Amino acid sequence: MAPHEPSAFSKNVSDPKLLPAVEIDEILTSIQHSHSFYYKVMNLEVWALVETLDGLFPGAWGQFMTNRQIAVKQFLERDRTPNWAVESKDAGTDAETIGSEEEA
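Calculation criteria
The written sequence of each chain sets the order in which its residues are numbered from 1. Totals for whole chains, interfaces and linings use all residues, but because this is a predicted model, local features are given only for residues with pLDDT of at least 70 and pairs of side-chain atoms are given and counted only at 80 or more. For side-chain calculations, the full set of non-hydrogen atoms in the structure is used, while hydrogens and water are omitted. Every helix listed is a DSSP run of H or I at least four residues long, and every strand listed is a run of E at least two residues long, numbered separately from the N terminus. Here's how the labels work: a residue is buried when its accessible area is under 20% of the maximum for its type, exposed when over 50%, partly exposed in between, all with a 1.4 Å probe on protein chains only. Values of accessible area rely on a 1.4 Å probe in the Shrake-Rupley scheme; residue burial ignores everything except the protein chains shown. Residue count minus one, scaled by 1.5 Å, sets the expected span of a helix. Between two residues, a contact is recorded if the distance between any of their heavy atoms is within 4.5 Å. Stacked, edge-to-face and tilted labels apply to pairs of Phe, Tyr and Trp rings (six-membered ring for Trp) whose centres lie within 6.5 Å, assigned for plane angles under 30 degrees, over 60, and everything in between, in that order. Looking at any residue, its pLDDT shows the predictor's confidence there, from 0 to 100. Every patch collects residues that have over 30% relative accessible area and no salt bridge, joining them within 9 Å if they carry like charges and within 5 Å if they are nonpolar side chains (Val, Leu, Ile, Met, Phe, Trp, Tyr). Salt bridges, as used here, are contacts in which a Lys or Arg side-chain nitrogen is within 4 Å of a carboxyl oxygen on Asp or Glu.

J.: Could you give an account of the overall build of the protein chain, naming the residues involved and the relevant values?
T.: A count of helices and strands for the protein chain gives three helices and zero strands. N-terminal to C-terminal, the α/β element order of the protein chain is α-α-α. Looking at the protein chain residue by residue over its 104 residues, the buried ones come to 6%. For the protein chain, the accessible area works out to roughly 9,100 Å², and carbon and sulfur atoms hold 60% of it.

This is how it looks when you write it as structure tokens:
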């Protein structure tokens, strides 16, 4: 199914309520295959972007993933703490610099 087609039913079926079970199964299978193909193409595009990024800036993807892991951990910690609030002294700093100022 092409991205610009709104539905699998638009050109093939006048009334989808009158379809036998076999045709419904065939339509569902074709939709599942189109979604699977779409996700495979997306994965390929992401892989190409990662390869290009690492070619231009070696180690950039690894650093991105490290930063993402830290951000997810911080997000989950905030999600677990019901009354989490930013302290006034940390309001203007980013998450990576919090704590390093205290050590200095």
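J.: Please set out helix α1 (residues 21-56) residue by residue, giving values where relevant.
T.: For α1, which comprises 36 residues, the first-to-last C-alpha distance of 53 Å matches the rise-based estimate of 52 Å (1.5 Å per residue) to within 8%. Taken residue by residue, α1 has I27, S34 and V50 as its buried positions. Check the buried side of α1 and you find it contacts α2 (60-80).

J.: Tell me about the packing of aromatic side chains, and name the residues and values.
T.: Aromatic ring pairs are defined here through the distance separating the ring centres and the angle between the ring planes. Applying the stated criterion across every chain yields a total of two aromatic pairs. Seen from their ring centres, Y38 and Y39 are 5.4 Å apart, and the 70° between their planes marks the pair as edge-to-face. Y38 sits in the partly exposed class, given a relative accessible area of 47%.

J.: Could you give an account of the confidence of the model for the protein chain, with specific residues and numbers?
T.: On average, residues of the protein chain score 75 in pLDDT, and 60% of them reach the 70 mark or higher. For the protein chain, per-element mean pLDDT is lowest for helix α3 (residues 100-103), which scores 50, and highest for α2, which scores 92.

J.: I'd love a proper account of a nonpolar patch on the surface, names of residues and values included.
T.: On the surface, a cluster of nonpolar side chains totalling about 320 Å² of accessible area is made up of Y38, Y39 and M42. Checked against the element boundaries, Y39 lands in helix α1.

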